[in-house]
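Results of the structural survey
Here's the letter readout for the chains.
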Amino acid sequence: MSPIKPPISVVLLDIEGTTTPIDFVYKVLFPYARERVAEFLTLHRADVREDIEGLLRANAEDIARGMNPPEIKSGTVDQLAAYVRWLMDQDRKTTALKSLQGKIWEAGYRAGELHSQVFEDVPRAFKRWQKQGKDICIYSSGSVLAQKLLFANTEAGDLTRFIRDYFDTNVGAKADAASYRRIADAIELRPPAMVFVSDVTAELEAAASAGLETLLCVRPGNHPQADASHYSAIRSFDEVFK
């Protein structure tokens, strides 16, 4: 059993490197969106106006900061797609980018071209935690739509029935303690009654600063983390609330 102070009533989970292999995100999901962004914008431009407006604002901000992105001068599909690919190359968490990616992936799931992956211990843990009366929530930089699609279309089946709520960067950045306080407020729970599980120590530091319990998730393929020794570590959800 990991050293978590009871009582914990909510397990707040990161996705990439925690519930889902990093390789699935970087070698399947991201390339899928990258290859199809121009075609998707051509076919669905009217449906993603809000995302395009967000991309235009982000592009202007990046230019003003001297980051030298591909400039969106006239808003053509080619210009928008070039900027989206540039953002992906920078591994940016821009809300408009994540929203657009989620919609591209939605089309892929509906077409049967995408099937998401979770670690084999995840479905087992979800069932166990539910039986123990613990709620499961997700907090990821990917859009809420993308999160729901991922858990609805896993190789282990639809896991959304186990998940109480989903949060994305609309509540704030994952390295900002205020984001975790907003999540606690949203689910009407005091932070100490929550444990946040992530593979990124900067996120755990922010969550701990907000009063949450934390666990560092060490999975195959995860990136080495600074100050990892400062956090209780797990290598499987089988170690959490046995």
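Our subject in this report is the structure included herewith. (Residues numbered from 1 in each chain as written. Predicted model: local features only at pLDDT ≥ 70, side-chain atom pairs only at ≥ 80, totals over all residues. Heavy atoms only, no water.)

1. Considerations on the packing of helix H2 (residues 49-64) against helix H3 (residues 77-89)
- Two elements in contact, H2 and H3, have axes whose closest approach is 11 Å; the angle formed by their N-to-C orientations is 65 degrees. The angle between H2 and H3 falls in the class roughly perpendicular. Relative to H3, H2 is oriented so that their crossing is left-handed. When H2 is examined against H3, the residues Ile-52, Leu-55, Ala-58, Asn-59 and Asp-62 are found in contact with a partner set consisting of Leu-80, Tyr-83, Val-84, Trp-86 and Leu-87.
- When its residues are assigned to classes, the contact of H2 with H3 shows 8 nonpolar, 1 polar and 1 charged. (Axes fitted to C-alpha atoms, helices over the stretch in contact; angles between N-to-C directions. Helix = DSSP H or I, 4+ residues; strand = E, 2+ residues; numbered from the N terminus. Parallel < 35°, antiparallel > 145°, perpendicular 65-115°, else oblique. Left-handed = near helix turned anticlockwise from the far one by under 90°. Contact = heavy atoms within 4.5 Å. Nonpolar A, V, L, I, M, F, W, Y, C, P; charged D, E, K, R; others polar.)

2. Looking at the pairing of strand S4 (residues 194-198)
- Within S4, 5 of the 5 residues are buried, which leaves the element mostly enclosed by the surrounding structure.
- Side chains of S4 alternate between two faces, with Met-194, Phe-196 and Ser-198 and Val-195 and Val-197 buried alike.
- The pairing of strand S1 (residues 10-13) with S4 spans 4 bridges and is classified as parallel. Across the sheet, Leu-13 pairs through a bridge with Val-197, a residue of S4.
- As judged from the 4 bridges shared by S4 and strand S5 (residues 213-217), these two strands associate in the parallel manner. Bridge assignment links Val-197 to a residue of S5, and that residue is Leu-215. (Buried < 20%, exposed > 50% of the residue type's maximum accessible area, 1.4 Å probe, protein only. Pairing = 2+ DSSP bridges.)

3. Points about the pattern of salt bridges
- Applying the stated criterion across every chain yields a total of 14 salt bridges.
- Here Lys-27 makes a salt bridge to Asp-23, at a shortest N to O gap of 3.6 Å. With Lys-27 and Asp-23 both in helix H1 (residues 22-44) and 4 residues apart, this pair spans about one turn of that helix.
- The partly exposed category is assigned to Asp-23, whose relative accessible area is 44%.
- Here Arg-110 ties to Glu-106 by a salt bridge, and the two come within 3.1 Å at their closest N and O atoms. Taken together, the positions of Arg-110 and Glu-106, both in helix H4 (residues 95-110) and 4 residues apart, correspond to about one turn of that helix.
- Within the structure, one salt-bridge network assembled from shared partners comprises Asp-14, Lys-174 and Glu-203. (Salt bridge = Lys/Arg side-chain N within 4 Å of Asp/Glu carboxyl O.)

4. Considering H3
- The first and last C-alpha atoms of H3 sit 18 Å apart over 13 residues, in line with the 18 Å expected at 1.5 Å per residue.
- Taken together, the buried positions of H3 are Val-77, Leu-80, Ala-81, Tyr-83, Val-84, Trp-86, Leu-87 and Met-88.
- Elements that come into contact with the buried residues of H3 comprise H1, H2 and H4. (Expected span 1.5 Å × (residues − 1).)

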